[in-house]
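Residue strings, one per chain:
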Amino acid sequence: MKNILRYSIIFAFMTVAFSSFAQNDIDVSHYMFDEISYNPAFTGEGETFRASLLGRKQWLGFNGSPLFETLSLDGATKKFGGFGLHVVNDKLGFENVVTGTFNYSYGVNLGEYSRLTAGFAAGIIDRYIDISEFVYQNQVQVDPEGYEEDNMIIPTINVGLRLQVRDLAVGASVTHIASSLKNATMEKLPRHIYGYAKYSIRFRENFAVVPSLLVKYGSAKTQVEGNTNAYFNNKFWVGASYRVGESIVAMGGIILRRRIFLGYSYDWNVGSHGRYSYGSHEIFMSWRMRKDPHQQGFYQSTRLFN
């Protein structure tokens, strides 16, 4: 218990100090269902209104470990493209960050079975740090970095592309595009670059296996995560992921009336802090207004929820 407490204090201090300099985008195990959070080109995919909620408690066992919730709303029109809203409430140690973006996407058909979509997102990041909780050496009651404000609002812009060819979807995006890793500060979040691919392998009408890959680069770190999900009878899915050098993920979910999707995942930490953490829990829920009238079967789209 003493070791856990000691490492919790060290962890909380390090994560707060680091995030105060260069806040990272959130890590989501259900990334294959939440593409809009890192690539605005997925806004309105499926031409039906969707609403999604996600909650994640990360690295249980550490005081001040990350806790966040997300809300996504998006839909599309045939003439004017896709529109959406994405909100994240992220808590880490003494810091709380609320991010809200308005998303837009527009796609063009390249052929009978291929479509290219571009997306754009703009919004604000509201950061609050509870400086009253800081403890300084030698009883110095000033911020050693010279920050006088504990709350600030920062603009952010994200862009992305998505290409779909039959059952294959690939995408690339950049978040916080106006900034970079070298000039990241409290006021300028580091740029993040994403690459994404997903392919649906249909063995029969009611069974499919869908491997996916997400690569993220940000804050001088490259993160690679692979996943494979299997879908049964339009009602269930089970899957597993590996986040290289960090965690192994097990997930599963149920589909109710082809409109409500409930999912859960658990991360086993395998990195350097794995033996001090009890893992991470994540809950996902999504609802759509109607079934895509152009879809003949459950697995006709690379987004299986269409």
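> In this structure, what is going on with the overall build of the protein? I would like to understand it.
For the protein, the count of helices and strands is one helix and 15 strands. Counted over contacts in the protein with a minimum sequence separation of 6, partners at least 24 positions apart contribute 55%. Accessible surface for the protein amounts to roughly 15500 Å². Of this, 63% is attributable to carbon and sulfur atoms.

> Mind showing me how you'd approach the environment of Asn89 here?
Mapping Asn89 onto the fold places it in strand E3 (residues 81-92). For Asn89 and Thr70, which are 19 residues apart along the polypeptide, the C-alpha to C-alpha distance reads 6.4 Å. Apart from the residues lying within four places of it in its own chain, the contact partners of Asn89 are Leu67, Phe68, Glu69, Asn96, Val97 and Val98. A polar contact is formed between the side chain of Asn89 and the side chain of Asn96, at a distance of 3.4 Å.

> What is the right way to look at unusual backbone geometry in this model?
With the exception of glycine, most residues fall at negative phi, and the peptide bonds are largely trans. Phi is positive for Asn233, which is not a glycine, with a value near 55°. Considering the arrangement of structural elements, one finds Asn233 in the loop between strand E11 (221-232) and strand E12 (236-243). For Asn234, which is not glycine, the phi dihedral falls at a positive 60°. By secondary structure assignment, the location of Asn234 is in the loop between E11 and E12. Assessed through its relative accessible area of 10%, Asn234 is described here as buried.

> Quick question: what am I supposed to make of the packing of aromatic side chains here?
Each pair of aromatic rings is reported with the distance of its centres and the angle of its planes. One pass over the structure, following the stated rule, counts 12 aromatic pairs. A centroid spacing of 5.2 Å and a plane angle of 55° characterise the contact between Phe83 and Tyr104, whose relative ring orientation is tilted. In this pair, Phe83 is assigned in strand E3 and Tyr104 in strand E4 (residues 95-111), connecting sequence segments 21 residues apart. The partly exposed category is assigned to Tyr104, whose relative accessible area is 33%. Each residue in the set Tyr31, Tyr38, Phe42, Tyr194 and Tyr196 is aromatic and connected to the rest through ring pairs, giving one cluster.

> Can you help me understand the pairing of E4 in this one?
A regular strand places its side chains on the two faces of the sheet in alternate fashion. Bridge analysis of E3 against E4 gives 11 bridges, and the strand direction is antiparallel. In the strand pairing of E4, Leu85 is matched with Phe102. As paired elements, E4 and strand E5 (residues 114-129) share 16 bridges and run antiparallel to each other. Paired with Val108 across the strands is Leu116, a residue of E5. Here E4 hands over to E5 after two residues, the two strands then running antiparallel side by side.

> Honestly, the environment of Ala118 in this entry has me stumped. Any pointers?
Mapping Ala118 onto the fold places it in strand E5. You can call Ala118 partly exposed: its relative accessible area is 36%. As a C-alpha pair, Ala118 and Gly81 span 37 residues in sequence and 9.8 Å in three-dimensional space. When residues no more than four places from it in sequence are discounted, the contact partners of Ala118 are Ala41, Tyr104, Ser105, Tyr106, Gly160 and Leu161.

> Can you walk me through the nonpolar core in this structure?
By size, the foremost hydrophobic cluster in this structure holds 21 residues, and its most contacted members are Tyr31, Met32, Phe33, Tyr38, Tyr196, Leu214 and Trp237. When contributions to this core are tallied by element, the ones reaching two or more residues are strand E8 (192-199), strand E10 (207-218) and strand E13 (247-256). Per element, the largest residue contribution to this core is three residues, and it comes from E13. Counting residues in hydrophobic clusters, the runner-up holds five residues, among them Ile125, Met152, Ile154 and Leu189.

> Looking at this model, I keep getting lost on the pattern of salt bridges. Mind explaining?
A side chain of one charge can pair with a side chain of the opposite charge when the charged atoms of the two come close. Taken as a whole and judged by the stated rule, the model has 10 salt bridges. For Lys198, the salt bridge goes to Glu35, with nearest N and O atoms at 3.3 Å. Pair noted here: Lys198 is in strand E8 and Glu35 is in the loop between helix H1 (2-21) and strand E1 (50-57), with a separation of 163 residues, a long-range link. For Lys198, a relative accessible area of 5% gives the class buried. A residue is classified by how much of its surface remains accessible, and Glu35, at 0% relative accessible area, is buried. The residue Arg243 makes a salt bridge to Glu225 at a minimum N-O spacing of 3.1 Å. Of this pair, Arg243 sits in strand E12 while Glu225 sits in strand E11, and the two are 18 residues apart along the sequence. Each member of the pair, Arg243 together with Glu225, is buried.

> Could you clarify how one ought to interpret the pairing of strand E7 (residues 168-175) in this entry?
Inspection of the sheet shows strand E6 (residues 151-165) paired to E7 by seven bridges, in the antiparallel sense. Opposite Leu161, over in E7, you have Ala172 as the bridge partner. If you look at the hairpin formed by E6 and E7, you'll find two residues sitting between the two strands, and Arg166 has a positive phi there, around 55°. As paired elements, E7 and E8 share eight bridges and run antiparallel to each other. Along E8, the bridge assignment pairs Gly171 with Tyr196.

The rules behind these values
- Residues numbered from 1 in each chain as written.
- Predicted model: local features only at pLDDT ≥ 70, side-chain atom pairs only at ≥ 80, totals over all residues.
- Heavy atoms only, no water.
- Helix = DSSP H or I, 4+ residues; strand = E, 2+ residues; numbered from the N terminus.
- Contact = heavy atoms within 4.5 Å.
- Areas by Shrake-Rupley, 256 points an atom, 1.4 Å probe, with all protein chains shown as cover.
- Polar contact = N/O pair within 3.5 Å; in protein donor to acceptor, adjacent residues only side chain to side chain.
- Buried < 20%, exposed > 50% of the residue type's maximum accessible area, 1.4 Å probe, protein only.
- Phe/Tyr/Trp six-rings, centres within 6.5 Å; stacked < 30°, edge-to-face > 60°.
- Pairing = 2+ DSSP bridges.
- Core = buried A, V, L, I, M, F, W, Y, C linked by side-chain atoms within 4.5 Å.
- Salt bridge = Lys/Arg side-chain N within 4 Å of Asp/Glu carboxyl O.

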